[in-house]
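# Breakdown of the fold
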Amino acid sequence: MTAFAIARTALLRLFRDRSNLFFVFVFPIALVLIIGAQFGGGFEPIIGVTGVDGDPLAGDVVDLLDADYGIREFDDSDAAVLAVERGYVSAVMVFPDDLSAEALAGRDPQIGFITQPDSSGQAIRAAAESALNRAIGPTAAAVAVSQSQGVSLEQAELLVEGAASAIADVDVETRTTGDALFADLGQFDLGASSQLVLFVFLTGLVGSAALIQSRQLGVTRRMLSTTASARTVIFGEVLGRWGVAVFQGIYILIVTLVAFRVDWGDPIGALMIVLCFGLVGASAAMLFGAVFKNDQQAGGISVVAALGLAALGGSMVPVEIFSSSMQSIARITPHYWANDAFAELVRRDGSVVDILPHLGVLAAYSIVLLTVAIWRLQKVITR
Amino acid sequence: MRQMFLIAGKDLRLRLRDRSVFIIGLAAPALLALIFTFAFGDALDLSGGGFSATYGFVDLDGGDAGAALADVLEGLDSSDQFEVTDFPSASAAEAAIEDDEISAAFVVPAGFSELVGVQDTAIEVIGNVDAPTGSAIAAAIAEAYAVNVERVSLTVGASVAAGASPDSIPALVQAASTQPPLTHLGDLNTVVRQMDGPTYAMAGMAVFFLFFTVQFGVAGLLEERRFGTWDRLMSAGVSKGTVIAAKAFVSFVLGIVSMAVLMLGAAVGLGANWGDPLAVSALVVMGVLAATAVMSVVAALAKTVEGAGNVQSIIAVTLGLLGGTFVPVAGGEGILAKLSLLTPHAWFMRGLNDLAGGGSISLVVPSLLAIGAFALAATLVALWAFTREVAA
Amino acid sequence: MTNVLDVDGLKRSFDDLVAVGGVSFSIEPGEAYGLLGPNGAGKTTTISMVAGLLESDAGSVSVAGKLMTTKSSDAKRAIGLVPQDLAIYPDLTAAENLKFFGSLYGMRGASLNERIMTVLEMVGLSDRADDRSDEYSGGMKRRLNIAVGLLHEPQLLILDEPTVGVDPQSRNAILESVEGLSSRGMSVLYTTHYMEEAERLCDRVGIIDNGLLVAEGTRRSLVDSIGQDDTVHVTATGNLHHVAELLRAVEGVVTAAEAHGVVSVVVDRAAIRLPSILATFTEAGVSVVAVEVSEPNLEAVFLHLTGKALRD
């Protein structure tokens, strides 16, 4: 197949420029790593604490929070507060020096608390309050018993301990619709799938510069003087870009799966998304390559377009937290459909069948973009 | 000096004639910052006003315990951020979740009031996978309620063990239920040392693209060589230092102009509040110097325009990413956070963040020193590279 | 025997501009045909239609008996195009470039590799086959450019102004390559606006101006067609355009035109007419720097036919 020869040469030229190795292979993984590290590996928010040292109650509170949150201890409250102010940690709890003693004395210890004034701050505040209540519950009960029944505090504590083993638990069972784990805040943030979507499209789109170079060099014209038809030439170029984009997508899938244990859901489904979405990127590159004349400008505009579409389509911040009008706009981008397809696979445990509509939309994007690109390119090169 | 300005003037004219500098220096950062602002405006809104959740409540118990939870939720309902709706059955609530009408539902099982303390029992929270924050808050609210119920049971149980008469149990329950919590979270006073969403986006994009914009200046060195005009300049008695200074000056001017236009534009168009003008100007000047210096190093070491462009892109992207121009990085504990503080970007962003809470230039002295140190180090390396080349 | 190329009544306009207004010519097997004309005469447009890069408005092109359109792969297989601009990838080696274009013709495997070695040998680049082409000198790039066009053993090699903007040394290398190919029986279509190249390389020449073929034939027959007229080149300073106009009225002068400080005059017998020609210069107040009389050549033919100098 002649188109394969064109695709092969496109790849050969791409990787002859060593810097492309960085942008295709090193850069996306570095970004996943940075974002992963920033959000504590498990993408959990971090709560800063001070004054925990040696205090049993404060220690209990921290242990309870440790299950769902990252905990970072600060030496003094000023540093902790500054960390929240700068956004380095999501919240800070400042325990007083004598928390346990104060609680046992039946007084009302104040625990200093600040969060980021954003939406995740609300969730952390609620969680901190319930951890605090759970930790302090037995002490509070003991104080109440001692006061109402006229027994000593030590005695009351023993009685509460005894009652605790006899009394049945009241639990909270959490589940979500769909079979995903109960949502931890992690999925809030940039996941590996959104990075994959961002980069597969970016890699595809910056190929427009290579196409323009081919035209400037006169190579495209020469190709058309051979037995290859204009359609074959364009398909070959698309195939080359598609090949890189898909290869990069699979590479990100495998590396994040092995190195960061990212859950991708149904592997066939994930592969199908990469295939369809990569084709959208490659097709868009052909359109850019046909429309623009200056390869450097096309390269710059491609990067901006790829980042902009990624932002709009929920590859930087999930669309779920967009305003409703922005959510509607997001649906115009192919990124939205790729991201939503991954969400279907990972969060809702879907299969290939469940993402067929998404794949269909992506295929439609490719067809439309390619048709316009071919029409335009044929005009440009046989002018 | 005159020669330097002549060369710089020629280069500036050439750059302005080529539209690329406008795309990279102005259009790209402005466009991306705008998109970020409009796409994530609500999410990045640090006032917290954007968040709201609607919960479902299913009381299959009908007893006191269920009513107590209903009271808690009633309290939520009266706030602006939460709304609570009753549902007749768990399946009805689930259907509402599927339709994304509610973020989560609380289900009090039948017989809950009777079973409390007697037998292990549980309140169920059904979360919406697509509303992780709302679901997490619902879980925490239920947890706080369960803890409270357990505490009441403990108090009553221990009181009975201490010899309280069975007749007094209802009163004990009443007293324990209404007992105020022994501790509570008190809000600390704080200033926000973070730019708001649009401001952060613009600052991040402006400094990210700054490192690309300054390339247009120092890359001119390699261009002179390619065109063969370098030898002509040398033969005209222009010193090498003059040419280098001219190119660096072009970088500096392009950098300052792009930063100024972007930041002033954001102030006017997006309502960005940058803080003390003197301190902000100092940060910008220092940042542009650092960018010019680091790109000069590459220009001094590279052999071709393309080679320099590729290396400069890699450096600009790596520093920008590590420096937190897209996502903040410096706040973590790991090695990346430490690496982040080696980038001028991180200090530039920190300086602007600090200024967001008010304050004057004294507040950003650490940032200025850090960026300055980076600029100085890069300048020294660049000078070494340029002199080394003369010897070679 | 079928002609390698038959061009019949070819026309093409761009909006209001008629680029090619009805061109017909043929090339026999083994023949080298030159299309000679000034810049903008319609040479590249003609070549584009002959190579199937551009649809014609009217007329037909057939290569080795096969009709050429933008979509006809049979006809395209029979031609090898050497474009004016280099049209090779600078970041690929010579061998990689050849392999790529060869595979566009469906060539592959050992036969392709063998063929690559052969054409590299032909253009003298065998020892540099694995060097990137952006490391080549200008002449080497040009030779590689020709090699690409030869790869699939076309019946007709089309060279579109291959020497434009090339240094004299590289130019000579190109001309030698083409001469060598031609002597081995390759049919060649060669466009140029250099009279010397057409005279040196081509068996037959078509003279094209304003999108029309104004004359065609061997060098000898074309030169004979304007009789025994001589050409006088007068290098001078002053209003030469005006002088050329005056000269056309002088007895014995067939035509006169100026270009780049030289007035070219076609005249029946130079020896007799020279005094009156020089007198005309003096009368016009133009000082003559040098005078040169040359035998009839293609440039004179062009001047004779169009009243214009060939040089740009």
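Definitions and cut-offs
- Residues numbered from 1 in each chain as written.
- Chains lettered and ligands numbered in written order.
- Predicted model: local features only at pLDDT ≥ 70, side-chain atom pairs only at ≥ 80, totals over all residues.
- Heavy atoms only, no water.
- Domains from an automatic or database assignment.
- Contact = heavy atoms within 4.5 Å.
- Buried area = accessible area lost by both parts, 1.4 Å probe.
- Salt bridge = Lys/Arg side-chain N within 4 Å of Asp/Glu carboxyl O.
- Polar contact = N/O pair within 3.5 Å; in protein donor to acceptor, adjacent residues only side chain to side chain.
- Helix = DSSP H or I, 4+ residues; strand = E, 2+ residues; numbered from the N terminus.
- Nonpolar A, V, L, I, M, F, W, Y, C, P; charged D, E, K, R; others polar.
- Pairing = 2+ DSSP bridges.
- Core = buried A, V, L, I, M, F, W, Y, C linked by side-chain atoms within 4.5 Å.
- Buried < 20%, exposed > 50% of the residue type's maximum accessible area, 1.4 Å probe, protein only.
- Lys, Arg positive; Asp, Glu negative; His and termini not counted.
- Axes fitted to C-alpha atoms, helices over the stretch in contact; angles between N-to-C directions.
- Parallel < 35°, antiparallel > 145°, perpendicular 65-115°, else oblique.
- Left-handed = near helix turned anticlockwise from the far one by under 90°.
- Phe/Tyr/Trp six-rings, centres within 6.5 Å; stacked < 30°, edge-to-face > 60°.
- Lys NZ or Arg CZ within 6 Å of the ring centre and 35° of its normal.

This part is about the domain arrangement of chain A. For chain A, the assigned domains are domain 1 (2-39 + 191-381) and domain 2 (46-166). Computed from C-alpha coordinates alone, the two centres of domain 1 of chain A and domain 2 of chain A are separated by 49 Å.

The next point concerns the interface of chain B and chain A. The interface is formed by 98 residues belonging to chain B together with 102 residues belonging to chain A. Between chain B and chain A, the buried area comes to about 8,600 Å², and carbon and sulfur atoms account for 65% of it. Between the two partners, chain B and chain A, sit two salt bridges. A:Arg134 is paired through a salt bridge with B:Glu143; the nearest N and O atoms lie 2.8 Å apart. Seen at the junction of chain B and chain A, the total is five residue pairs in polar contact (both at pLDDT 80 or more). Mapped by element, the contributors of at least two residues to the side of chain B that touches chain A are α2 (20-40), α4 (90-98), β4 (121-128), α6 (132-161), β5 (184-187), α14 (305-322) and α16 (344-356) of chain B. Of the residues in the side of chain B that touches chain A, the class split is 54 nonpolar, 27 polar and 17 charged. Bridge count for strand β5 (residues 170-177) of chain A against β4(B) is eight bridges, and the pairing is parallel. When the sheet's bridge partners are listed, A:Val170 is paired in β4(B) with B:Thr121.

Ranked by size, the top nonpolar core spans 136 residues in total, and within it B:Phe211, B:Met259, B:Trp274, B:Phe348 and B:Leu352 carry the most contacts. Leave out the neighbours within four places in its chain, and B:Leu352 touches B:Met195, B:Ala203, B:Met263, B:Trp274, B:Val280 and B:Leu283. Core analysis: the second largest hydrophobic core is formed by 89 residues, C:Val82, C:Phe101, C:Leu144 and C:Ala147 among them.

Take the pairing of strand β4 (residues 58-63) of chain C next. Residues and elements named next belong to chain C. When strand β1 (residues 5-14) meets β4, the two strands line up antiparallel, connected through five bridges. Its bridge partner being in β4, Asp 6 is matched across the sheet by Ser 62. Taken together, the two bridges between β4 and strand β5 (residues 66-67) define a ladder with antiparallel strand orientation. Paired with Ser 62 across the bridge in β5 is Leu 67.

By contact count, the leading pair among the two pairs of chains in contact is chains A and B. In this structure chain B stays clear of chain C, and the shortest span between their C-alpha atoms is 12 Å.

All names here are of chain C. Among the secondary structure elements, Asp 230 is positioned in strand β11 (residues 230-237). This buried residue, Asp 230, is left without a salt bridge; Arg 269 holds the nearest opposite charge, at 7.5 Å. In contact with Asp 230, not counting residues within four places along its chain, are Val 265, Val 266, Val 267, Asp 268, Arg 269, Ala 270, Val 293, Ser 294 and Pro 296.

For the rest of this paragraph, the subject is the packing of helix α9 (residues 207-217) of chain A against helix α12 (residues 267-291) of chain A. Residue and element names in this part refer to chain A. Packing of α9 against α12 leaves a shortest axis separation of 8 Å and a crossing angle of 40°. One way to sum up the angle between α9 and α12 is to call them oblique. When you trace α9 past α12, the crossing you get is right-handed. Side by side, α9 and α12 meet where Gly 207, Ser 208, Leu 211, Ile 212 and Arg 215 of the first sit next to Ala 285, Met 286, Phe 288, Gly 289 and Ala 290 of the second. Across the contact of α9 with α12, the residue classes tally to six nonpolar, three polar and one charged.

Per the stated rule, a full pass over the model turns up 21 salt bridges over all chains. Linking B:Lys247 and B:Glu224 is a salt bridge whose minimum nitrogen-to-oxygen distance equals 2.8 Å. Taken as a pair, B:Lys247 in helix α12 (residues 240-269) and B:Glu224 in helix α10 (residues 220-227) lie far apart in primary sequence, 23 residues in all. Accessibility expressed as a relative area gives 5% for B:Glu224, which makes it buried. The shortest N-O distance in the salt bridge between C:Asp268 and C:Arg273 comes to 3.2 Å. A relative accessible area of 27% means that C:Asp268 is categorised as partly exposed.

Take the interface of chain A and chain C next. A common way to state how big an interface is: give the accessible area lost once the parts meet. Taken together, the 23 residues of chain A in the interface contact 34 residues of chain C. Around 2,500 Å² of area is buried between chain A and chain C when both sides are counted, 59% of it from carbon and sulfur atoms. Our count for the chain A to chain C interface comes out at two salt bridges. A salt bridge links A:Arg16 to C:Glu96; the nearest nitrogen and oxygen atoms lie 2.4 Å apart. Secondary-structure elements contributing two or more residues to the side of chain A that touches chain C are α1 (2-16), α9 and α10 (219-225) of chain A. At seven residues, α1(A) tops the list of elements feeding residues into the side of chain A that touches chain C.

Turning next to the domain arrangement of chain B. Taken as a whole, chain B is organised into domain 1 (2-44 + 195-391) and domain 2 (53-178). Of note, the centres of domain 1 of chain B and domain 2 of chain B, computed from C-alpha atoms alone, are 56 Å apart.

This paragraph deals with the packing of aromatic side chains. Tallied over the full model, the rule gives 20 aromatic pairs over all chains. Taking 5.7 Å as the distance between ring centres and 20° as the angle between the ring planes, the aromatic pair formed by B:Tyr55 and B:Phe82 counts as stacked. Note that B:Tyr55 is positioned in strand β1 (residues 53-59) and B:Phe82 in strand β2 (residues 82-86), a separation of 27 residues in sequence. Taken individually, B:Tyr55 and B:Phe82 each receive the classification buried, so the pair is uniform in this respect. Arranged with centres 6.0 Å apart and planes meeting at 45°, the rings of B:Phe209 and B:Phe212 form a pair that is tilted. Of this pair, B:Phe209 and B:Phe212 both sit in helix α8 (residues 197-213), three residues apart, which is roughly one turn of the helix. In textbook terms, an aromatic cluster arises when at least three aromatic residues are bridged by ring pairs, as seen for A:Phe15, A:Phe25, A:Phe247 and A:Tyr251. For B:Arg225, the ring lying beneath its charged end belongs to B:Trp230, and the centroid distance is 4.5 Å. Lying across the ring of B:Trp347, B:Arg350 places its NZ or CZ 4.8 Å from the centre.

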